[in-house]
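Read off the chains here:
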Amino acid sequence: MKDELLEIDVRLLVLRYGRQKVLGALSRLIEQTPAELDQQLRALGLKKPADRKKAPNPPLVDVAASECRDHPEILEPLRALAVAFENRSFLPNLRNVQRFLDRSGAPPRKFKSRAIAGPVVIRALSKLPKDELTSLASRDATGGESEYSLLSRAIMGEASDDAGNRG
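The shown structure was predicted, so the numbers you read here are calculated from the model rather than taken from an experiment.

## Some remarks on the overall build of the protein chain
Here comes step 1: When you go through the protein chain residue by residue, the secondary structure sums to nine helices and zero strands.
Here comes step 2: Secondary structure of the protein chain in N-to-C order comes out as α-α-α-α-α-α-α-α-α.
Here comes step 3: With 167 residues in all, the protein chain has 29% of them scored as buried.
Here comes step 4: Contacts in the protein chain between residues at least 24 apart in sequence constitute 48% of all its contacts with a sequence separation of at least 6.
Here comes step 5: As presented, the protein chain carries roughly 11,800 Å² of accessible surface, and 55% of it is formed by carbon and sulfur atoms.

Right, here's the structure in full:
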């Protein structure tokens, strides 16, 4: 209990005065240099909060390239769709993204933003046939159908073709 209270007090000091000032004052009290004290803290596993930053999402063009290693023929349409996704001209709303992923057979998952969902969208797109990707990528921006409706039709068309072949 005492250690918890001490830790809270130290955190408050760091918040109030900043890490460097607290380290400086503490190092003077225990007669060590701030660098030595900082080294001891790191050895104990007490790192700066800045060291715990989350890695940024990779660019979608890079995700597309990695997904196309075994299928280089789909690289260009997939790359074009990745750029369009980042520019919000393809699946512009998170709602559209979620619907596409739900219908494409991706594992159910709720996303907080389009940026987080982007790599999952690219992976789902990489599973579509080349002609569908090319059609989506080359679609005229002034066309009447949205990318979402084209994708829905492509996915549903595959499902109905499969069902027709079973009968």
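Next, the rest of the story.
## Here we look at the nonpolar core
Here comes step 1: Counting 27 residues, the largest nonpolar core has F90, F100, L101, V121, I122 and L125 as its most contacted members.
Here comes step 2: For this core, the secondary structure elements donating two or more residues are α4 (60-67), α5 (75-86), α6 (94-104), α7 (114-125) and α8 (130-138).
Here comes step 3: It is α7 that provides the largest number of residues to this core, a total of six residues.

## Considering unusual backbone geometry
Here comes step 1: Of note, E31 is a non-glycine position whose phi angle comes to about 55 degrees, a positive value.
Here comes step 2: Overall, the relative accessible area of 73% leaves E31 in the exposed class.
Here comes step 3: The phi angle at L91 is positive, at roughly 50 degrees, despite the residue not being glycine.
Here comes step 4: Summarising the element assignment, L91 is placed in the loop between α5 and α6.

## Some points on the confidence of the model for the protein chain
Here comes step 1: Mean pLDDT over the protein chain stands at 79; residues scoring 70 or higher make up 77%.
Here comes step 2: Mean pLDDT per element in the protein chain: helix α9 (residues 147-166) is the minimum at 59, and α7 is the maximum at 91.
Here comes step 3: Note that pLDDT drops below 50 for residues 140-144; the model gives that stretch zero contacts with residues more than four away or on any other chain.

Reading the values: the criteria
- Residues numbered from 1 in each chain as written.
- Predicted model: local features only at pLDDT ≥ 70, side-chain atom pairs only at ≥ 80, totals over all residues.
- Heavy atoms only, no water.
- Helix = DSSP H or I, 4+ residues; strand = E, 2+ residues; numbered from the N terminus.
- Buried < 20%, exposed > 50% of the residue type's maximum accessible area, 1.4 Å probe, protein only.
- Contact = heavy atoms within 4.5 Å.
- Areas by Shrake-Rupley, 256 points an atom, 1.4 Å probe, with all protein chains shown as cover.
- Core = buried A, V, L, I, M, F, W, Y, C linked by side-chain atoms within 4.5 Å.
- pLDDT = per-residue confidence, 0-100.

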